[in-house]
Each structure stands twice: as C-alpha cells, then as structure tokens.
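# Reading the structure
Given next are the chains, with one letter for each unit.
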Amino acid sequence: MIERIAGFGNSVFSEITALAREYGAINLGQGFPDFDTPDIVKEAAQKAIRDGHNQYAMSHGEPVLREAISRHAFRFYGQHLDPHTQICVTSGASEALWCAAFAFIEPGDEVIVFEPAFDVYLPNIHMAGGVVKAVTLHGPDFRFRSDELRQAFSHKTRVILVNTPHNPCGTVFNREELSLIRDLCCEYNVIAICDEVYEHIVFDGLQHLRLACFDGMQDRCLTISSGGKTFSCTGWKCGWAMGSEHMINSLRRVHQFTVFAGATPFHYAIASALDQPDSYYVDLGEAYSRRRQILADALERTDLRFQVPEGAYFITADTSAFGDEDGVELSRRWIREIGVAVIPSQKFYVHEQRGRHFVRFTFCKQDNTLNAAAERLAALRV
C-alpha cells in the first residue's frame, strides 16, 4: 500500500451502517432519508429516460441543468452566473470537492478546515499534498473563535474550506463570521471552497448567506452544492460547482479525467426540480423543522446534552454524562444494547480527542422512524 493512502481506514459510515443492519437498529447515523424522492422529481427523470437522454452527458453538465443552476443562483442569492463558463456539474458534491482539491491545492499548501469536518475533506487535502490547519468549532453552540481563525492564516495558506449549513454541527455561519472569512481571504489571497449542500435546510427564520456574493469574493470563491439533500435523492449523485470562469476552467480540467460525466437523465430531472415554486422550498424547511423537533424532544428525555441546530439535518450531542467511554465504543454499544445507530463525531475531528464525547444524530427520517427511535433512546439515562 502506498504511503498516500496508508493512513486511511474504512469509512465510519460503512461500519455503523453495517452494524445497524446486523443488530436491526434504527439508523440515525448515515444522513440519507428513509422517505422517497418527490413524485414530480422522479417523473422528470422517467421522462428524460423516455425522451432518449440516455447517452453520455456533456462532461461539465447538460446545458438544461447548468441553465437551471444559474437561474437558481439568481433567484435565491441575486448571483449572476454564466451557465456556459461558470458552472460545472459533477458526480455529487463529493466529486466536486475532490476535483477542487486537485485543482487548487499544491503539495505543501496549507488548507484551513473547521473541525469537526465532513469526512471527505481531510483525505482529499492529504491526497492533493496539502497541509491541514484545523480551526475548532467550540461547543455548545459550535462556533469558531475569531482570534483562532486569524492565527490559522499565514503566507502559506492557499485554501479555506467553509461548510454552511454545517455537517455535523448544524451551525449556519452568520454575516459577521462570513465577513471575517472574506476579509482574511482577501488579505492573504486565499481561495474559499464553500460546501453548501444544505443551503435550503435552515430553521427559525435564519438565512443561508452565500460567501461568493460578498464583496471581494467573486474571483476567489468556489461554491459547491447538489440536488441530493434538497430533493431527497442522495443516490442520484448530482452535484455542481460554481465560480469565476478561471476557477471553473481549472476544476473542469480535473473533472474530465475523473468521472468525465454524470448520469444524463438526472441532469434533466434536477433541472426541473430546481425550478419548483417557492412553496416547495418553504415546505421542505417546515418538514425538517418538524422532524428536528421530534428528535430534540426525544433527546430532552435523555441525559445527553445538545443544542438545537440552526440548519442541516443533524443534532450533535455531548455524551460526557455517560462517563469517559470512547465515542466509537459508545456508538457500537448503543447499537447492540438500545438498537439506535449514531455516528461518533470524533471521526470528523483532526484532533480526535476534541470530539470523543460527541455523537451525531440525523433527523432526515420519517416521523414514525423518529418516534420509534425516541422510544429506544429513552433508555439513555445515567
């Protein structure tokens, strides 16, 4: 095994999902819905297949989807994007993140990451030869400290990865926080890669703000999103990257030799989905707000400590009341003993010790799934 991948183990998601199946546990670990894609979106995919859109797509995405992404960016953020030169469709947001790492990180470049971080970030940076600089999101509200972020920037910094709404913490970065990131990126000539796949799952009247729309960021910000979370079709793997022409040109050069193109019918289906009326997006937020409340109410009846998230569809809980047991072992034990699967958050940390008392629950599940899990979670008392 070559050195570049020698330190990579199996994904924690694979292990937890396999254990959940083995023990018949309710899976509140991996973040995929157990309800189906909306009929109108499935019908658009079926129509695309019937209409003969079944051969290779254009490498950077079918025009119909790039045009829909452009309309969506203007509709929700007032952002003007040329669909021909400023958008690249990828095989999910994960592929866009991979391509971005190899398009913009040179060996030895420092890359700032907020920890905990979605688990593909660190391997991507390492494989591209980058050096990770971690800035911790501190509980209980999981926000960064401005002095720690400033200290992370240097003349060696090339990229900062920004995930908002945040997985696994549910933090939605506010205008003040994003303005500081903008100021530091401009001061140190740093590229921001923004993972915004939960952009439409935001609660309590908060607003998701797009860093690319801040003054000074138009030519130094790559925005990544996808249809999987917004339209409950995570298996379709239809994502995209948006940015200046020179940034998208760089990303396309990597993308064309990675997967070349995504699944053509889904380009047409997601294009149709993005043009859904405002009521769709309002209903999406309300449905997830209801599910969030079901899980929060269940956790309130336990001895776990947690803060209700501002966005995304996860709740991170502090397990300190249950002793000093490692989060991985605790998660395994809960699967066996109470029949609920969660993700140990320490696997999202650069410094695993900082996360050993946190676990992540997801609420992208049907009400009856969450209610059944609530009955089992009631056993989590000291």
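Read on for an overview of the structure. (Residues numbered from 1 in each chain as written. Predicted model: local features only at pLDDT ≥ 70, side-chain atom pairs only at ≥ 80, totals over all residues. Heavy atoms only, no water.)

Take the overall build of the protein next. Tallying secondary structure elements over the protein gives 13 helices and 13 strands in all. For the protein, whose C-alpha radius of gyration is 20 Å, the value lies close to the compact-globule estimate of 21 Å for 382 residues. With respect to the three principal axes, the spread of C-alpha positions in the protein is 55 × 55 × 45 Å. Sorting the 382 residues of the protein into buried and exposed places 59% on the buried side. In the protein, once contacts between residues fewer than 6 apart in sequence are set aside, the share between residues at least 24 apart is 74%. Counting every atom, the protein has about 16000 Å² of accessible surface; 48% of that belongs to carbon and sulfur. Between the centroid of the 37 positive side chains of the protein and the centroid of its 48 negative side chains there is a distance of 2 Å. (Helix = DSSP H or I, 4+ residues; strand = E, 2+ residues; numbered from the N terminus. Rg over C-alpha atoms; globule rule 2.2 N^0.38 Å. Buried < 20%, exposed > 50% of the residue type's maximum accessible area, 1.4 Å probe, protein only. Contact = heavy atoms within 4.5 Å. Areas by Shrake-Rupley, 256 points an atom, 1.4 Å probe, with all protein chains shown as cover. Lys, Arg positive; Asp, Glu negative; His and termini not counted. Charge placed at Lys NZ, Arg CZ, Asp CG, Glu CD.)

Another aspect to go through is the packing of aromatic side chains. Overall, the coordinates contain 24 aromatic pairs when judged by the stated rule. When the centroid spacing of 5.1 Å and the interplanar angle of 65 degrees are considered together, the rings of Tyr313 and Phe314 count as edge-to-face. Here the two residues Tyr313 and Phe314 agree in accessibility, since each one is buried. An aromatic cluster of three or more residues is present, and its members are Phe35, Tyr198, Phe203, Tyr288, Tyr313, Phe314 and Phe363. Its guanidinium or amino end placed over the ring of Phe32, Lys365 lies 4.5 Å from that ring's centre, counting from NZ or CZ. (Phe/Tyr/Trp six-rings, centres within 6.5 Å; stacked < 30°, edge-to-face > 60°. Lys NZ or Arg CZ within 6 Å of the ring centre and 35° of its normal.)

Okay, empty space enclosed by the protein next. Across all of its chains, the model carries two cavities of 30 Å³ or more by this definition. Roughly 70 Å³ of internal volume is contained in the largest cavity. At the level of secondary structure, the elements contributing two or more residues to the lining of the largest cavity comprise α5 (92–104), α6 (121–128) and β5 (157–163). Of the residues contributing to the lining of the largest cavity, the split by class is ten nonpolar, one polar and no charged. Reported here for the second largest cavity is a volume of approximately 40 Å³. Lining the second largest cavity are Ile69, His72, Ala73, Glu199, Arg210, Ser225, Trp240, Met242 and Leu274. Going through the elements one at a time, α4 (63–77) and β8 (239–242) are the ones with two or more residues in the lining of the second largest cavity. A total of three residues in the lining of the second largest cavity trace back to one element, the largest contributor, which is α4. (1 Å grid on protein atoms, 1.4 Å probe; cavity = no way out; pocket = protein on both sides within 12 Å on 5 of 7 lines; lining within 4 Å. Points joined across faces, edges and corners; volume = space filled by probe spheres on them. Nonpolar A, V, L, I, M, F, W, Y, C, P; charged D, E, K, R; others polar.)

This paragraph deals with the sheet that holds strand β12 (residues 343–344). The sheet built from four strands is open, its strands ordered β9-β10-β13-β12 with antiparallel pairing. A single partner strand is all that each edge strand has here, and the edge strands are β9 (305–306) and β12. Where helix α11 (residues 278–300) meets the sheet, it contacts β9, β10 (314–318) and β13 (358–362), and its direction lies at approximately 15 degrees from that of β10. (Pairing = 2+ DSSP bridges. Axes fitted to C-alpha atoms, helices over the stretch in contact; angles between N-to-C directions.)

The sheet contact formed by strand β3 (residues 110–115) and strand β4 (residues 131–136) spans six bridges and is parallel. Bridging across to β4, Phe114 finds its partner in Val135. At this point the chain moves from β3, through α6, to the parallel β4, and the crossover so formed is right-handed. (Right-handed = clockwise from strand over helix to strand, strands pointing away.)

In this section: the pattern of salt bridges. Counted by the stated rule, this structure contains 22 salt bridges. A salt bridge links Asp51 to Lys47; the nearest nitrogen and oxygen atoms lie 2.6 Å apart. A residue is classified by how much of its surface remains accessible, and Lys47, at 46% relative accessible area, is partly exposed. Here the residues in one salt-bridge network are Glu15, Glu329 and Arg332, joined through shared partners. (Salt bridge = Lys/Arg side-chain N within 4 Å of Asp/Glu carboxyl O.)

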